[in-house]
Amino acid sequence: MIIMSIVVTGATGQLGRLTVEALLRRGIPAADIIATGRDITRIKDLADRGITVRRADFADTEGLAEAFTGADRLLLISASVPVGERVANHRRVIDAAAAAGVSLVVYTSTTHADTATTVIGATHGETEAYLRDRGIPSVLLRNGWYLENYTGQLPQILQNGAVVGAAGEGRISAASRADYAEAAAVVLTADGHTGAVYELGGDESFTLTELAAAISAAAGKHVSYADLPVAEFAQALAAAGLPAELAEVLADADRGMNRGEMYTDSGDLRRLIGRPPVTLAEALAVAALHY
């Protein structure tokens, strides 16, 4: 297989940067990688390593066309913008990729995007549908929740002695950003994935009650799970300082978890990366060393 160049959108973010690193580990020359983002000063170090760095703002149609010039394959990492703007942003990227003659678009979606009832899930479902309608060869990486969504909250969780949520006893198949990035690098660099839909998540699912127990074991301090109604959880998140819209979106995501929308037993992530994904216990053991 000959790849002219691979574009990674959102390379200024954590998943995008990890994907660039994974591509390099897989032997893709730095000169064949185009790292894009809105603020390219944040990825100057990638340019220093020989990677092509270009500015790409999902709201700037002309800029996207320039950023994707000469690209063969493209990773579209879903936009970190207000929910109401996400689909329009994704459509502009897809249109620009088509205009640039990109041969494959790999999109980071969410688990069960075709049936998800959450606000976030709906934006992914609409993006997937637009990709199909445009007829661009694609791969759908339906990424589950990040383990880092929880390990990053450890200081607050330990301070409060509680995991707070609205997911009931819904099971969550979370995995690390690095493992999702590795999966993206695999499908960007290997043949045989075009048209595939991968439901990605960790091998070991957990409820938030089990998360609290795992944190207790890792930190040596009792942590419980406080399950709230969705509206009360949104209020609690807003009271903690989150913007009201984001608080509602995150509370709605927990509602989806309660319905099993963040659970998968597909084994797709393990097969793609060729090893078991990082487990919750492993991630907590590493994170607990810092707190």
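It should be noted that the structure appears before, not after, this text.
A few points on the structure. (Residues numbered from 1 in each chain as written. Predicted model: local features only at pLDDT ≥ 70, side-chain atom pairs only at ≥ 80, totals over all residues. Heavy atoms only, no water.)

### Comments concerning the sheet that holds strand S6 (residues 138-143)
Strand order across the open sheet formed by seven strands is S3-S2-S1-S4-S5-S6-S8, with parallel pairing between neighbours. With one partner strand each, in any of the chains shown, strand S3 (52-55) and strand S8 (197-200) form the two edges of the open sheet. Averaged over all neighbouring strand pairs, the angle between strand axes comes to 20°, with direction disregarded. Bridging between strand S1 (residues 6-8) and strand S2 (residues 33-37) involves three bridges; their strand directions are parallel. (Pairing = 2+ DSSP bridges. Helix = DSSP H or I, 4+ residues; strand = E, 2+ residues; numbered from the N terminus. Axes fitted to C-alpha atoms, helices over the stretch in contact; angles between N-to-C directions.)

### Examining the side chain of Asn143
Note on placement: Asn143 falls in strand S6. Using a relative accessible area of 7% as the deciding quantity, one classes Asn143 as buried. The contacts of Asn143, once residues within four sequence positions are left out, are Leu15, Thr108, Ser109, Thr110, Thr111, Tyr180 and Leu200. (Buried < 20%, exposed > 50% of the residue type's maximum accessible area, 1.4 Å probe, protein only. Contact = heavy atoms within 4.5 Å.)

### A word on the packing of helix H4 (residues 83-99) against helix H5 (residues 119-134)
With their axes 9 Å apart at the nearest point, H4 and H5 run at an angle of 20° to one another. Classified by the angle between their axes, H4 and H5 sit roughly parallel to one another. For the element pair H4 and H5, the recorded crossing hand is right-handed. Contacts between H4 and H5 pair Val83, Arg86, Val87, His90, Arg91, Ile94, Asp95 and Ala98 from the former with Val119, Ile120, Thr123, His124, Glu126, Thr127, Tyr130, Leu131 and Arg134 from the latter. Grouping the amino acids of the contact of H4 with H5 by side-chain chemistry returns eight nonpolar, four polar and five charged. (Parallel < 35°, antiparallel > 145°, perpendicular 65-115°, else oblique. Left-handed = near helix turned anticlockwise from the far one by under 90°. Nonpolar A, V, L, I, M, F, W, Y, C, P; charged D, E, K, R; others polar.)

### Observations concerning the pairing of strand S5 (residues 104-110)
With seven of its seven residues buried, S5 lies for the most part within the structure. Both strand S4 (residues 73-77) and S5 contribute to a ladder of five bridges, which runs parallel. Its bridge partner lying in S5, Arg73 is registered against Leu104. After leaving S4, the chain enters H4 and then returns to the sheet as S5, a path that is right-handed. For S5 and S6, the ladder comprises six bridges, and the chain directions are parallel. Pairing of Thr108 across the sheet is with Leu141, part of S6. Each parallel crossover has a hand, and for S5 linked through H5 to S6 it is right-handed. (Right-handed = clockwise from strand over helix to strand, strands pointing away.)

### Some thoughts on the side chain of Glu128
Checked against the element boundaries, Glu128 lands in helix H5. For Glu128, a relative accessible area of 2% translates into the label buried. A polar atom in the side chain of Glu128 sits 2.7 Å from the side chain of Ser109. The residues contacting Glu128, other than those within four sequence positions of it, are Tyr107, Ser109, Ala113, Leu140 and Arg142. (Polar contact = N/O pair within 3.5 Å; in protein donor to acceptor, adjacent residues only side chain to side chain.)

### Describing empty space enclosed by the protein
For the structure on display, the rule yields two cavities of 30 Å³ or more. Reported here for the largest cavity is a volume of approximately 90 Å³. If you go around the largest cavity, the residues you meet are Thr110, Thr111, Ala116, Thr118, Ile120, Gly121, Trp145, Ala253, Glu261 and Met262. Classifying every residue of the lining of the largest cavity gives five nonpolar, four polar and one charged. Considering only enclosed or pocket space, the second largest cavity measures out at about 40 Å³ in volume. Around the second largest cavity, the lining residues are Leu147, Ala174, Gly202, Asp203, Glu204, Phe206, Pro277, Val278, Thr279 and Leu280. In terms of residue class, the lining of the second largest cavity is made up of six nonpolar, two polar and two charged. (1 Å grid on protein atoms, 1.4 Å probe; cavity = no way out; pocket = protein on both sides within 12 Å on 5 of 7 lines; lining within 4 Å. Points joined across faces, edges and corners; volume = space filled by probe spheres on them.)

### Observations regarding the packing of helix H1 (residues 14-25) against helix H8 (residues 177-189)
Viewed as axis vectors pointing N to C, H1 and H8 meet at an angle of 50°, and their least axial separation amounts to 8 Å. By the angle class used here, H1 and H8 are oblique. Considering how the two elements wind past one another, H1 and H8 form a crossing that is right-handed. Between H1, through Gln14, Leu15, Leu18, Thr19, Ala22, Leu23 and Arg25, and H8, the contact on the second element is made entirely by Arg177, Ala178, Tyr180, Ala181, Glu182, Ala184, Ala185, Leu188 and Thr189.

### What to know about helix H13 (residues 280-288)
For H13, the set of buried residues is Leu280, Ala283, Leu284, Ala287 and Ala288. All buried residues of H13 fall inside an arc of 125° around its axis, so they share one side. Summarising the contacts, the buried residues of H13 are in contact with helix H6 (148-151), helix H7 (154-160) and helix H9 (208-219). (Arc of directions from axis to C-beta.)

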